[in-house]
Amino acid sequence: MTNLVIMPTENRERMNLGEFAEEATIIEETATPKRVNHFIEANTQEATLQHLKNDCITPVFAKDNELTVNHAAFIETVWEAANSYYNGETIGTPDIRVSHVIKGRIPEAIHKPANQLLESDKTIYYERAAFSIDIPTIYETVEGNKLNLSIIGVRAYNQMNLYSKKVPELFRLAIGFKNQVCCNMCIFTDGYKDDLRVSNTSELYRSALELFNNYNPAKHLHLMQQLGNTSMSEHQFAQILGKMRLYQCLPNGYQKRLPRMLLTDTQINSVAKAYINDENFGSFGNDLNMWKFYNLLTGANKSSYIDSFLDRSLNATEMAVGINAALHGDEHYKWFID
């Protein structure tokens, strides 16, 4: 696999991604599609960078009172790294989603009853935050769906021990493609760092640049294009859904011998409903191609909590690619289609 090389702006239009993907295109374009939904939905609310910077406190490590890298600094650092690495491209404004608000009070309001608190008496920060930054000038069309290159970051304080002394902090960062039809995220192994631990924004900036450099968009596009070449029958789809439900109940020893499957029962039900009702990817009564199956999985993943969103996004890719291979005789995911 070759690493993506960013060329000078004047050479961008001649950049060849065709080694892996058919007619992969990188062009200058200023128009962006109208956003009709969000990349993640469950238990989240929209937030602005100004709100995170001006209205939210910054958590600290309790033992030494050292500051954490707050959500706003995380988002700004990755946005700056994207502007540097993809110099000359259009870099979108971060789409930010937050959840699990943590409330507090200023010292002067400690003895006030809760129902008498003024807004100025309260402090807040969000335990979890996720953001998506689109690069609309780097895109491709797969099975009639326009995909924009997108950078996704996740931060969850609940996965850290804030009662300790300062230690390297956990972040999750990914780069992949966002399906503009539905805002579903397509994450590939080479474009995901699930255990990014840094102590400051300088280290975070360097890690973001490293991720961008190691990611091969052409190979990722080729992988997704190949999914459209294989279809399954409704019977096979129902078999896979049944095995996915059964997977949750398997004994631990048996389950460990199988490829991992992270979708919940509720999300598997969402896949079934979308197969019948989704206007873009539903195929009720007809064969279902693997590109549509993949988008049924990524669509169901939008109901994940922020802290599990990227892991399940990657797992949706693993499931779609693995089952696609099983339909062609590969043994690794054969259990799901037998």
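In every chain, residue numbers begin from 1 and rise along the written sequence. Per-residue local features of the predicted model are confined to residues with pLDDT of at least 70, and side-chain atom pairs are confined, for both listing and counting, to 80 or more; whole-chain, interface and lining totals are unaffected and use all residues. Side-chain descriptors were evaluated using all non-hydrogen atoms of the structure, hydrogens and water having been removed beforehand.

### A word on the overall build of the chain
To keep things clear, this is the line we draw: Secondary structure elements are taken from DSSP: a helix is a run of H or I of four residues or more, a strand is a run of E of two residues or more, and numbering for both begins at the N terminus. Buried, partly exposed and exposed residues are distinguished by accessible area as a fraction of the type maximum, computed with a 1.4 Å probe on protein chains only: under 20%, between the cut-offs, and over 50%, respectively. Residue exposure ignores everything except the shown protein chains as possible cover, and the areas themselves are Shrake-Rupley values with a 1.4 Å probe.
Scanning the chain from N- to C-terminus turns up 10 helices and 12 strands. Each of the 338 residues in the chain was classed as buried or not, and the buried ones make up 51%. Surface summary for the chain: the accessible area is close to 16,000 Å², and the carbon and sulfur share equals 48%.

### Description of the pairing of strand β7 (residues 145-156)
Test applied: Pairs of strands are assigned from DSSP output, requiring at least two bridges between the strands.
In terms of residue burial, β7 counts as a mostly covered element, since 11 of its 12 residues are buried. Connecting the antiparallel pair strand β6 (residues 122-142) and β7 is a turn made up of two residues, with E143 showing a positive phi of about 50°.

### A word on empty space enclosed by the protein
Stated precisely, the cut-off is as follows: With a 1 Å grid laid over protein atoms only, a set of points is called a cavity when a 1.4 Å probe fits there but cannot get out and a pocket when it is open yet has protein on both sides within 12 Å along at least five of seven lines; lining residues have an atom within 4 Å of a point. Grid points are joined across faces, edges and corners, and a volume is the space filled by probe spheres set on the points. Any residue outside Ala, Val, Leu, Ile, Met, Phe, Trp, Tyr, Cys, Pro, Asp, Glu, Lys and Arg is labelled polar, Gly included; the first ten of those are nonpolar and the last four are charged.
One pass over the structure, following the stated rule, counts three cavities of 30 Å³ or more. In this structure, the largest cavity occupies an estimated 80 Å³ of space. In terms of lining, the largest cavity is formed by L52, C56, I57, T58, P59, N70, H71, A72, Y125, Y126 and Y157. Residue classes in the lining of the largest cavity are distributed as eight nonpolar, three polar and no charged.

### Observations concerning unusual backbone geometry
In this structure, N65 is a non-glycine residue whose phi angle is positive, near 60°. Position of N65 among the secondary structure elements: in the loop between β3 (60-61) and β4 (66-67). Its relative accessible area of 57% is what places N65 among the exposed residues. The phi dihedral of H100 falls on the positive side, at around 60°, and the residue is not glycine. Residue placement: H100 occurs in strand β5 (residues 95-105).

### Some points on the side chain of D121
Definition in use: Contacts: residue pairs with any heavy atoms within 4.5 Å of one another.
With respect to the helices and strands, D121 occurs in the loop between β5 and β6. Exposure remark for D121: the relative accessible area of 7% places this residue in the buried category. Apart from residues lying up to four places away in sequence, D121 is in contact with G104, R105, I106, A109, K112 and Q116.

### Some words on the pairing of β5
With three bridges connecting them, strand β2 (residues 45-47) and β5 associate as antiparallel partners. The partner of E46 across the bridge, within β5, is R97. Sheet topology places β5 next to β6; 10 bridges connect them, and they run antiparallel. Bridging across to β6, R105 finds its partner in K122.

### Some words on the environment of N301
Mapping N301 onto the fold places it in helix α8 (residues 290-301). A relative accessible area of 1% places N301 in the buried class. Sequence separation between N301 and N184 is 117 residues; the distance between their C-alpha atoms is 8.5 Å. In this view, N301 contacts Q267, F309, R312 and S313; residues no more than four positions away in its chain are not counted.

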